[in-house]
Protein chains: 2
Amino acid sequence: MKELVTREERKEFIDKFDNFLFDCDGVLWEGTKLIPGVEKAMEELRSKGKNIYFVTNNSTKSRKSFLKKLQDFGIQASLHEIFSSAFATAAYLKQVVHFPPEKKVYIVGMEGIRDELNAEGIRTCGAEEDAHAVFDSEPIPDDPEVGAVVIGLDLHVNYTKYAKAFTYLKRNPGCRFILTNGDTTFPTHGMIVPGAGSIAMPIIKALNREPEAVLGKPAQNMLETIFAEYDLQPCKTVMIGDRLDTDIDFGNQGGIETLCVLTGITTKEEMLSPTNKIKPTYYIPSFSDLASE
Amino acid sequence: MKELVTREERKEFIDKFDNFLFDCDGVLWEGTKLIPGVEKAMEELRSKGKNIYFVTNNSTKSRKSFLKKLQDFGIQASLHEIFSSAFATAAYLKQVVHFPPEKKVYIVGMEGIRDELNAEGIRTCGAEEDAHAVFDSEPIPDDPEVGAVVIGLDLHVNYTKYAKAFTYLKRNPGCRFILTNGDTTFPTHGMIVPGAGSIAMPIIKALNREPEAVLGKPAQNMLETIFAEYDLQPCKTVMIGDRLDTDIDFGNQGGIETLCVLTGITTKEEMLSPTNKIKPTYYIPSFSDLASE
């Protein structure tokens, strides 16, 4: 682990790589607030002709919504540069397991998952209809059309959603159980709140069954997709993130170098602690410190 | 494990014990439906002068509400015969940890917990105020008065409750973390739904911290209280329940005999499976089969 301290070290870091993979929450922004200086540092990378990719475990928004968020913050981006755990989940269902068109997916999650699944032609239910449901102890009707339950971060999670997800997974033969990402916490608006990996736990515990797939970082699906689509050289690629167990582990597992920023979940103490086994190649207080001024 | 098959075996069973401890959900009723024949079998025990105690992990109702439910079903009972995990939680806070009167408890749970805590003079918040809250990503205000978070079965659990419970446990120094009971599932209205032990998991996972106490069966608090208050002889006492990992384990750990009924969570196959390590002394299809006709 090397801290990028001097201007020279930071310039060398930028010169070393052609391809910059960015986590978003805790690196570029925190909730609705841009981390100061980020747009300037991003412009500098663009001006040097670097390839930029956004790789987020946040499944609450679709890639289109992320594009709008980036643009609203004055960060240049295009849709094909954005990879999210919801998009990875849709790709997994469509391309890996060939989810049958006569089935539908029950979502404990938000519109990002719904939009990405629908964009792949996969029918969905749950995310919206049950967002304000109040559990009334009435039996949950069977719904044999539900062929998968997908769980992601859900700010509108409630008991009805848990009871339905549990019921479908228990009763429907072969019902798939998929988690968009395993983040146990999530930084937003100066708070840390429970993440997708925590929100999924009641189902895992009640079923006594792990999900068949946990997409998002550190799973390698998104990295493999990016490498395959853009034919990138691993030695010219760096992953920049704020979480050791997702972002940095993702880069380390993928054989690329990593930069940990301290504007999100990870504190310097945690990163440098002897008990921490997931070490970034580099670290820096904020991504914005990479800007030349 | 001995099945009580013949009329003689069932009569011998009743004659053997003076004190009958009953689980409720899955033994006496399932949701709002009495299990057929239960009131008759219960009357028979009363007519023979048996002592009866109701020992439930269900924290959604207060003991007063359970008394009313029993009476509405035509089952004779009095308040001092009822022991619940919410009552045990109130007793733990009051008598074991001497919860300070200037502090209050944030409840992820229902009115049963609130009522039992309030009855012990412990101030509470959460259970009702946040039952219909919609999480809006606004920062959660600090509340240094919250000195404990109690989690129980909560049919109105939602993200706001999780975010608040997590925040208090993370930010308030010494904030206690208590689980009313560990049941992973709960039988109601012909369904099985996630129980208190499952509902608590997002907090356990996000905090990476176990609760300091898990009251309710199989923890021995309620058994110790009953034995101490009524000076019962263990060899004359039997625990009757439908769950191996709570009811039967509770009795086994307490050194009393146990009877497993098959009207709730446990199936005969699970009970007789070679992988099952928690064995009741006796089993019978339904408690109502103990009635002489």
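Residues numbered from 1 in each chain as written. Chains lettered and ligands numbered in written order. Predicted model: local features only at pLDDT ≥ 70, side-chain atom pairs only at ≥ 80, totals over all residues. Heavy atoms only, no water.

Draft legend 1. A look at the overall build of chain A. A count of helical and extended segments in chain A gives 11 helices and 16 strands. Taking the principal axes of its C-alpha atoms as reference, chain A extends roughly 65 × 35 × 35 Å. For chain A, the residues scored as buried account for 60% of the 293 residues in total. Across chain A, contacts joining residues at least 24 apart in sequence account for 71% of those joining residues at least 6 apart. Just so you have it, chain A exposes about 11600 Å², and 51% of that area is on carbon and sulfur atoms. (Helix = DSSP H or I, 4+ residues; strand = E, 2+ residues; numbered from the N terminus. Buried < 20%, exposed > 50% of the residue type's maximum accessible area, 1.4 Å probe, protein only. Contact = heavy atoms within 4.5 Å. Areas by Shrake-Rupley, 256 points an atom, 1.4 Å probe, with all protein chains shown as cover.)

Draft legend 2. Quick peek at the state of the cysteines. All names here are of chain A. Taken as a whole and assessed by the stated rule, the structure comprises 0 disulfides over all chains. Counting only cysteine sulfurs, Cys 24 is the nearest neighbor of Cys 260, a cysteine outside any disulfide, at a range of 15 Å. Residue classification places Cys 260 among the buried residues on the basis of a relative accessible area of 0%. (Disulfide = S-S within 2.5 Å.)

Draft legend 3. Seen up close, unusual backbone geometry. All names here are of chain A. Cis geometry marks the peptide bond from Lys 217 to Pro 218; its omega dihedral reads 5 degrees. Secondary-structure assignment places Pro 218 in the loop between β13 (213-214) and α9 (221-230). Its identity as a non-glycine residue notwithstanding, Asn 208 has a phi of 55 degrees, on the positive side. Counting through the fold element by element, Asn 208 comes out in the loop between α8 (201-207) and β13. Positive phi is not limited to glycine here, since Asp 231 has a value of about 50 degrees.

Draft legend 4. Region of interest: the nonpolar core. Judged by nonpolar contacts, the single largest core of 66 residues is most densely connected at Ile151(A), Tyr159(A), Ile203(A), Ile151(B), Tyr159(B) and Ile203(B). Setting aside residues up to four positions removed in sequence, Ile151(A) forms contacts with Val108(A), Phe177(A), Ile178(A), Leu179(A), Thr180(A), Ile199(A), Ala200(A) and Ile203(A). (Core = buried A, V, L, I, M, F, W, Y, C linked by side-chain atoms within 4.5 Å.)

Draft legend 5. Main features of the domain arrangement of chain A. Residues and elements named next belong to chain A. Entries for chain A in the domain assignment read domain 1 (2-57 + 218-290) and domain 2 (99-214). Here the C-alpha centre of domain 2 lies 30 Å away from the C-alpha centre of domain 1. Contact residues are listed per partner, giving 11 residues for domain 1 and 12 residues for domain 2. A buried area of about 870 Å², summed over both sides, lies between domain 1 and domain 2, and 49% of it is on carbon and sulfur atoms. Counting the surface domain 1 buries against domain 2, the share from its top three residues, Glu 30, Arg 243 and Ile 265, is 47%. Connecting domain 1 to domain 2 are 1 salt bridge. The shortest N-O distance in the salt bridge between Asp 183 and Arg 243 comes to 4.0 Å. The interface formed by domain 1 and domain 2 holds 3 residue pairs in polar contact (both at pLDDT 80 or more) in total. Among the residues forming the side of domain 1 that touches domain 2, the class breakdown is 2 nonpolar, 5 polar and 4 charged. (Domains from an automatic or database assignment. Buried area = accessible area lost by both parts, 1.4 Å probe. Salt bridge = Lys/Arg side-chain N within 4 Å of Asp/Glu carboxyl O. Polar contact = N/O pair within 3.5 Å; in protein donor to acceptor, adjacent residues only side chain to side chain. Nonpolar A, V, L, I, M, F, W, Y, C, P; charged D, E, K, R; others polar.)

Draft legend 6. Representation of the UniProt feature "binding site: substrate" (unreviewed entry) in chain A in the model. Residue and element names in this part refer to chain A. Residues given the UniProt feature "binding site: substrate" (unreviewed entry) here are Lys 217. Relative to the elements of secondary structure, Lys 217 occurs in the loop between β13 and α9. Its relative accessible area of 2% is what places Lys 217 among the buried residues. With residues near it in sequence (within four places) discarded, Lys 217 still touches Asp 23, Val 55, Thr 56, Asn 57, Met 222, Met 239, Thr 246, Asp 247 and Phe 250. Side-chain polar atoms of Lys 217 contact the side chain of Asp 23, separated by 2.8 Å. (UniProt positions renumbered as here; feature names shortened; annotations may be inferred.)

Draft legend 7. Geometry of the pairing of strand β11 (residues 185-188) of chain A. Residue and element names in this part refer to chain A. Along β11, one buried face is formed by Thr 185 and Pro 187 and the opposite face, lined by Phe 186 and Thr 188, is buried too. As judged from the 4 bridges shared by β11 and strand β12 (residues 191-194), these two strands associate in the antiparallel manner. Note that in β12 the partner of Thr 185 across the bridge is Pro 194. (Pairing = 2+ DSSP bridges.)

Draft legend 8. Looking closely at the sheet that holds strand β7 (residues 104-108) of chain A. Residues and elements named next belong to chain A. Strand order in this open sheet of 5 strands is β8-β7-β9-β10-β13, and the pairing throughout is parallel. Of all strands in the sheet, those bounded by a partner on one side alone are β8 (123-125) and β13. Here β7 runs beside β8; their pairing, made up of 3 bridges, is parallel. Each bridged residue has a counterpart across the sheet, and for Tyr 106 the counterpart in β8 is Cys 125. In the packing of helix α4 (residues 85-96) onto the sheet, the strands contacted are β7, β9 (146-151), β10 (176-179) and β13, and the crossing angle to β10 comes to about 155 degrees. (Axes fitted to C-alpha atoms, helices over the stretch in contact; angles between N-to-C directions.)

Draft legend 9. Looking closely at the environment of Asn208(B). For Asn208(B), a relative accessible area of 72% translates into the label exposed. Considered as a pair, Asn208(B) and Lys33(B) are 175 residues apart in the sequence and their alpha carbons are 39 Å apart.

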